[in-house]
Each structure stands twice: as structure tokens, then as C-alpha cells.
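Examination of the molecular architecture
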Amino acid sequence: MLGHKEEPIDVGLRPSGQPRFGDYQAGFAMSMGKKLGRPPRALAQAVVDAVDWSDLCEKLPEVAGPGFINFTLARALLQKLATHLGRDERLGVEPIGTPRIVVVDYSSPNVAKAMHVGHLRSTIIGDCLARVLGFLGDRVIRQNHIGDWGTQFGMLIQHMVEQESGVQNLEGEVGDLERLYQDAKRRFDAEPEFADRARARVVQLQAGDEETLGKWRKLVEASQRHFEHVYHRLGVHLGRDDVRGESFYNPLLAKVVVDLESHGKVKLDQGAKVVYPQGFKNPEGLPAGMIVQKSDGGYLYATTDLAAARYRIEELGGTRLVYVTDSRQMQHFAMVFQALREVGWAPEEVSLEHVPFGMVLGPDRKPFKTRSGDTIKLIDLLDEAIRRAGDIARRKNPELSEEQLGDLAKAIGIGAIKYADLSNQRIKDYVFDWDQMLAFDGNTAPYLQNAYVRIRSIFRKGGLDAAEFMGQSILLAEPGDRLLTLKLLEFGTAVEAVSRTLEPHRLCGYLYDLATSYHRFYEQCPVLTAETEDIRNSRLALSHLAARTLALGLDLLGIDVVERM
RNA sequence: GCGCCCGUAGCUCAGUGGAUAGAGCAUCGGUUUCCUAAACCGAGGGUCGGAGGUUCGAAUCCUCCCGGGCGCGCCA
């Protein structure tokens, strides 16, 4: 009827924007009418007439506007779908047919420095993407590309050697590391003789001098403890096994350059070895290149990134490489990816995806700093979030014990920071605003957490075990039941959208809609005091399903739920 | 100079080429003998930066312009 070709037709089916347009709408008649030379409305009507809709729709689908077909699903069908969803452990999220090996590169802090607000977004977004892709069935390999190698270690180690006290303190908190870095940097800038010794120390480090390496390991070890501390506070799944720092690739760099040369990709310019991926220009309008080996023989980040990509494809078997770094590195990754294609290290079937994100801004709309202009330490930021959340929770709910408050404050505070980050379109800068992210109204973590809490409260009040309602048949008695059900059915689509676009804010938007739908349901539809036993059971089942969806959705964002707040 | 990103309500932001562009905050006004009012309901508020173009249809795609941000060889 729509043509002879056997190819599948995208009918453009999607949830209707407004209730008066039914549950779902299809827009294919408009685009297809053109191709077939038939008026869209007539085409739509022909489709409606040709099918027996009685099992699918409550009433005959309507042709409306320029040629939309609006569907209102049959109650029996919707009930069946909802009941099925309620019994599904995966809540309607289909495991992907052909899992990939996805390598997600995120966080990437620097050794010998405290993690700061600049690491926040990569860590949060990367962790979320890893969770989502993993849940969908991909094999996810997390990679923490820490900055544990380079010339700055010369001055750090040299300072450690000369100031033996600095070594002792490395067993302590990160503050010692910070001080070590600052002291070394100050001396490096102020004392030319020290700078010379630091440069000599770099050579020793490169040469594998045992004393130098020993000091270096101490630095890395102390930093790792700091990273773990921050990740634990943040609830981020990154461990030591996930660390592949710059030092890991160091032994591979020479071969990268040699192989590039054998591909004829390397040109010499003023003593430096440069590759020129196609399609890039420098300020003079000439082809822009990436230096892969400096005139002094040293390597740069482009070399390391090429080596890392190679490792991830050849050794880890990655078929989707994901890099979560800030948007300023877009061109750098575009060049690295182009080079990987040109030399064939990244075959066509391997997708290379940079996941760029914008900056975190302060209230003045400039990069987020302390009042005195210093970078904000991540651990301080997290502690403040927990403190603020605790203060609010204590004020709202004075009868909570301090122990309950502690867990609550962490879930809310950390959740608020993560959600504020994830809920914005990631490419844009966003303004860091405590009041907004900790508000109970609006698109915030506490609002979502509260929807979950209200549901849990129902089961507590009723003395009921929620798990017992998983298999319960769902009956849609009133519009409130129906609207909540339609929203619950969209969860799978929302999760799938995140894996496709690598944009977590899509899941946030969905969960916010879901929480809003539940709050409305809660107002309109009595659960424990429903008019019949069947409706009560159905609403308990719907509520439990909503709670599971909220909890799973938030978990995919890396956010915890609480039982009461 | 070239390239990339971003301009949507007073503010912070959503918005798969589709119907009358949506939320929250702020403002104003309602709702509690009832499962958490940390909630819900309602009102006002828009030249979607501007101008062309493609299309039955454009905030969305294309071109140009304006404004802001970022990047463009020996840091990462």
C-alpha cells in the first residue's frame, strides 16, 4: 500500500506532546505523501482504514492537522504492557544485540596535585556513560589516563631529594602533595641552579635510575590514595585497575614515531617530527601539524594519545573509543582521530568519539574559582555539598538521627552536584549554583530523590513489602494511572538515547518528567486508600515500578536514593 | 586571519524537521481532618541573536551577518 519496496519504513511514531493528541502520534504521512504524490491526510486516512485497530487502540486513530495520526492505546493493551514492564528486571531496557568493547577515558587527574573543580565534569560524565553503556550490555573498559609522567616530575623529585622532610609527609594527606608541588615550582622558577638539577633529574627518570624511580613511585602512590579518596566520596567507579597513566605508554612512544615514519607520515620541521592530518590549517593558512617528537627528542601528548588509542584498539580490543574531556580539546582529538584513520590504526569499524563538555562557571559567569581566585579543590567542594545538604535536611526533618542524616546528606549533596552537571547539555558551560542544585523544586536531584522517598513512604506506612508487588497485574482505573504508565514505558528509549548521543541530560530530562508524573499521580490517585483491592494493588505495583525506575535511572547517573528525607 | 562551540521567557535551562515553542526559579493567586506541602493546581511573561534560503512544514537543515567563548608546533 505504501509502496513496493520491502525496505522498512520509519513511521515516525513517538509519544504525543499533548494529551489531546492521544498517547502516540505518527508523522510519516506528511513526508511520504510528497514522495507518493498523495495528499498526506488522505494517505493517513487510508492507513487508518486499512488496519483493524480494535485490539490496539481505544478508539479509531484520528487523522489530524496536516496529516498526523493520533493513537490512543487500548486500555487492555496498556495494562498488559505495564504488567509486563513491572515484571521485567530491566524495566524495558533491551540489552543491545551486538555488544561492543567500549573504552571510556575519563577523569584523568594529575599526580602530585589535588583534584580540582576542573576534573569534576569529566569524572561525573564519564562515570555516567560507563554505567549506561555497561547496563545496555556493552563491555565497558574504564581508563583513567592520569598525568603521571613528564618534565614536571624532574622538579618534584629533585625537591624531594633535597628536602628529605617532604618525602616523609607524603604518607599523609594531599595537602602535603600540594605543598610539595608549590614549593618545587617556586624553587624551579626562582633558582636557576635548581632548575638545572631538575632538568637533569628528568633525564635520570627517563633513564630508569632506581633512586629517581623510587621517589616517583612514592609520588604516584600518594596521589593514587588521594584519587581513591575523592572517587569514594563521589561514588565513582574508578579504581587502580582502571589507571593507565601517561607513564604506561612511555615505552610505546618510540615505536609510534617509527611506525608513523614507516607510513611516510612524518615530516621534519626545525628538528621536530610532525604529522599533518588532512583538513587542518594553522594561523598562516598552511596545513596544521601535530608534533610527535620534539627537537630535543621528547614526546608530547599527541604521541601519547596515539599510543593509547593503539593500545586500546589492538590490546584491549576496543571498538568504540570514548574520550571525556573538555571542549577545548576538540581540535586536538579531531587531529588525533584523523591521523589514526590515515595510518590505519583505527579501522572503519572502530568508532572514535570525543565527548566534549563546557566549563563550570562561578556566579560571575567566569571559570569557577574561590573568592581569592584559587582553583577549588574537589574534596572541599564535595564536603561543602554534604554539609549544605545536611543543614537543609536537619532543618526540614529534625527527628532524623545523626547517622541517618550522614547518609542522607551524602546522597543529596553528592547527588545534587552530579545532577546539576549531568542535567545540562554537556557542551555548554553551566553556572555552579548551590541554591539551585539543592532546591526541592525543579529539575534537581533532591526533587527526584523525593519522588522515590514518597513511594517508599507509602510502603512503610502500609507495612508492605514492595517486592511482593512486582508481579501484580496493573489496572488503569483513572487518567493518573494511565499517564504514569505511559511515562514509565519510555524509560528504555531514554536510556538508549544516552548511549547513542553520549548525552546524559536526556536521561535526566526523562527522570524529571517521570518524577513529575509520579507526583501528579500521587496527588490524584490514592494508593493505600484506593476504592478497591485490585486498584490498590495495581497502584502499589505502579508505585513500586516507578520507584525502581527512578532508582535505576539515578543509579545510571551515579546518584543514590534514600529511604526517607 | 582560519576553524570549532554557544546565543530560546527577567534568571537558569529543555526542546528527535512537525500541530498553539516548554519546565523550574522569580512575580501573583489557589490547594493539607487524607500515603512526606521537600508536593500539587492556576495566571502573567517569547521578534527562538538578525537576514536570506531549502521544505507541505524550520528554534532545529544550508548560506551570510552580529554578539560571546575557545582553539590554531615543541604544555596537556
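Residues numbered from 1 in each chain as written. Chains lettered and ligands numbered in written order. Predicted model: local features only at pLDDT ≥ 70, side-chain atom pairs only at ≥ 80, totals over all residues. Heavy atoms only, no water.

**Regarding the sheet that holds strand 7 (residues 266-269)**
As a reminder, the rule being used: Think of it this way: DSSP has to see at least two bridges between two strands before they count as a pair. Secondary structure elements are defined from DSSP: runs of H or I of at least 4 residues count as helices, runs of E of at least 2 residues count as strands, and each element is numbered from the N terminus. In this analysis, axes come from line fits to C-alpha atoms, helices being fitted only over the stretch in contact, and the angle between any two N-to-C directions falls in the range 0 to 180 degrees.
An order of 7-8-9 is seen for the three strands of this open sheet, with the pairing classed as antiparallel. The sheet is open, and its two edges are formed by strand 7 and strand 9 (290-293), each paired on a single side. Taken pair by pair, the neighbouring strands of this sheet meet at an average axis angle of 45°, ignoring direction. As judged from the three bridges shared by strand 8 (residues 272-275) and strand 9, these two strands associate in the antiparallel manner. Within the sheet, the bridge partner assigned to Lys 273 lies in strand 9 and is Gln 293.

**Focus on the pairing of strand 5 (residues 101-105)**
Consecutive residues of a regular strand have side chains that alternate between opposite faces of the sheet. Short version of the rule: Partly exposed residues are those whose accessible area sits between 20% and 50% of the maximum for their type, while under 20% is buried and over 50% is exposed, using a 1.4 Å probe and protein chains only. Handedness is read with the strands pointing away from the viewer; a crossover is right-handed when the path from the first strand over the helix to the second is clockwise.
Counted residue by residue, strand 5 has four buried out of five residues, so it is predominantly covered. Following the chain from strand 5 across helix 4 (residues 120-136) to the adjacent parallel strand 6 (residues 139-143), one finds a crossover that is right-handed.

**Comments concerning the protein's contact with RNA strand B**
Using the following cut-off: Whether a residue is near a molecule or strand is decided by its heavy atoms; if any one of them lies within 4 Å of it, the residue is near. In the analysis that follows, any N or O atom pair within 3.5 Å is treated as a polar contact, provided that within protein one partner can donate a hydrogen and the other can accept it, and provided that, for residues neighboring in sequence, both atoms belong to side chains.
The full set close to RNA strand B counts 64 residues, and Lys 34, Phe 68, Tyr 301, Arg 454 and Ser 457 are the nearest of them. Sugar and phosphate atoms represent 59% of those atoms of RNA strand B found within 4 Å of the protein. Within the side chain of Glu 246, a nitrogen or oxygen atom sits 2.6 Å from a sugar or linking oxygen of RNA strand B. Between RNA strand B and Leu 528, the relevant distance is 3.1 Å, taken from a base oxygen to a main-chain nitrogen or oxygen of the residue. Looking at the surface near RNA strand B, the elements that each hand over two or more residues are helix 1 (28-36), strand 4 (68-71), strand 8, helix 13 (330-342), strand 13 (430-431), helix 17 (445-462) and helix 20 (505-524). Among the elements that make up the surface near RNA strand B, the one with the highest residue count is helix 17 (eight residues).

**With respect to helix 13**
Worth spelling out the cut-off: Every helix has an expected span of 1.5 Å times one less than the residues it contains. Here, residues are in contact when the closest pair of their heavy atoms is within 4.5 Å.
An ideal rise of 1.5 Å per residue puts 18 Å on 13 residues; helix 13 measures up with 18 Å between its terminal C-alpha atoms. On its buried face, helix 13 is in contact with strand 9, helix 12 (301-314), strand 10 (320-326) and strand 11 (351-357). Positive backbone phi, approximately 80°, marks Gly 344, located one or two places after helix 13.

**A word on the confidence of the model for chain A**
Our working rule: Scored from 0 to 100, pLDDT records how confident the predictor is in each individual residue.
On average, residues of chain A score 91 in pLDDT, and 96% of them reach the 70 mark or higher. Of all the helices and strands in chain A, helix 6 (residues 164-168) carries the lowest mean pLDDT, 55, while strand 6 carries the highest, 98. Confidence over residues 1-7 falls short of pLDDT 50; this stretch has 10 contacts with residues more than four positions distant or in other chains. In the model output, the complex is listed with pTM 0.94 alongside ipTM 0.95.

**A closer look at the state of the cysteines**
Going by this rule: Disulfide: a pair of cysteine sulfur atoms within 2.5 Å of each other.
Under the definition given, this model contains zero disulfides. There is no disulfide at Cys 128, and the cysteine sulfur nearest it, in Cys 508, is 7.0 Å away.

**Description of the environment of Glu 178**
Within the element layout of this structure, Glu 178 appears in helix 7 (residues 174-190). Spatially, the C-alpha atom of Glu 178 lies 5.5 Å from that of Lys 113, the residues being 65 residues apart in sequence. In contact with Glu 178, not counting residues within four places along its chain, are Ala 112, Lys 113, Ala 114 and Lys 377.

**Quick word on the sheet that holds strand 1 (residues 13-15)**
The four strands are arranged 1-2-4-3 in an open sheet whose pairing can be described as antiparallel. Of all strands in the sheet, those bounded by a partner on one side alone are strand 1 and strand 3 (62-64). With direction set aside, neighbouring strand axes in the sheet form an average angle of 30°. Two strands pair when backbone bridges link them, and strand 3 and strand 4 are joined in this way by three bridges, in the antiparallel orientation. Bridging from a neighbouring strand, Val 63 pairs with Ile 69 of strand 4.

**Points about the nonpolar core**
Applied cut-off: Residues grouped as a nonpolar core are buried Ala, Val, Leu, Ile, Met, Phe, Trp, Tyr and Cys residues, joined through side-chain atoms within 4.5 Å.
Ranked by internal contacts, the top residues of the largest apolar core, which has 140 residues, are Leu 219, Leu 381, Ile 417, Phe 491, Leu 507 and Leu 557. If we ignore the near neighbours within four places in the chain, the residues touching Ile 417 are Leu 120, Ile 124, Leu 381, Leu 382, Ala 385, Phe 432, Trp 434 and Met 437. Core analysis: the next-biggest nonpolar cluster, separate from the first, contains 34 residues, Ile 141, Ile 313, Leu 340 and Trp 345 among them.

**Section: the packing of aromatic side chains**
Operational definition: Here the aromatic set is Phe, Tyr and Trp, taking the six-membered ring for Trp, and pairing holds for ring centres within 6.5 Å; pairs whose planes are under 30 degrees apart are stacked, those over 60 apart are edge-to-face, and all others are tilted. A ring is scored as having a charge over it whenever the NZ atom of a lysine or the CZ atom of an arginine sits within 6 Å of its centre and within 35 degrees of its normal.
According to the stated counting rule, one finds 15 aromatic pairs in the structure shown. For the pair Tyr 447 and Tyr 512, a centre-to-centre distance of 5.4 Å together with 55° between the ring planes defines the contact as tilted. Here Tyr 512 lies in helix 20 and Tyr 447 lies in helix 17, a separation of 65 residues in the sequence. Note on Tyr 447: relative accessible area 13%, which makes it buried. One aromatic cluster is present, built from ring pairs that chain together Phe 248, Tyr 249 and Tyr 311. A cation over an aromatic ring shows up here: Arg 244 above the ring of Phe 248, its NZ or CZ 5.1 Å from the ring centre.

**What about the pairing of strand 4?**
Where strand 2 (residues 24-26) lies against strand 4, three bridges are found, and the strand directions are antiparallel. Counted as the bridge partner of Tyr 24 is Phe 71 from strand 4. Joining the antiparallel neighbours strand 3 and strand 4 is a turn of three residues, in which Gly 65 adopts a positive phi near 55°.

**Focus: the pattern of salt bridges**
Note the following rule: Criterion for a salt bridge: a side-chain nitrogen of Lys or Arg within 4 Å of a carboxyl oxygen of Asp or Glu.
Per the stated rule, a full pass over the model turns up 39 salt bridges. We note a salt bridge from Arg 121 to Asp 421, for which the minimum N-O separation is 2.8 Å. Of the two residues, Arg 121 sits in helix 4 while Asp 421 sits in helix 15 (residues 402-422), which places them 300 residues apart along the sequence. According to the relative accessible area criterion, Arg 121 is buried, its value standing at 1%. Asp 421 gets classed as buried once you look at its relative accessible area, which sits at 0%.

**Some thoughts on unusual backbone geometry**
Positive phi values are uncommon outside glycine, yet Leu 91 reaches one of about 55°. Looking at the element boundaries, Leu 91 is found in the loop between helix 3 (75-87) and strand 5. You can call Leu 91 buried: its relative accessible area is 3%. Of note, the phi angle at Leu 502 is positive, near 55°, even though the residue is not glycine. By the secondary structure assignment, Leu 502 is in the loop between helix 19 (491-501) and helix 20. The class for Leu 502 is buried, based on a relative accessible area of 2%.

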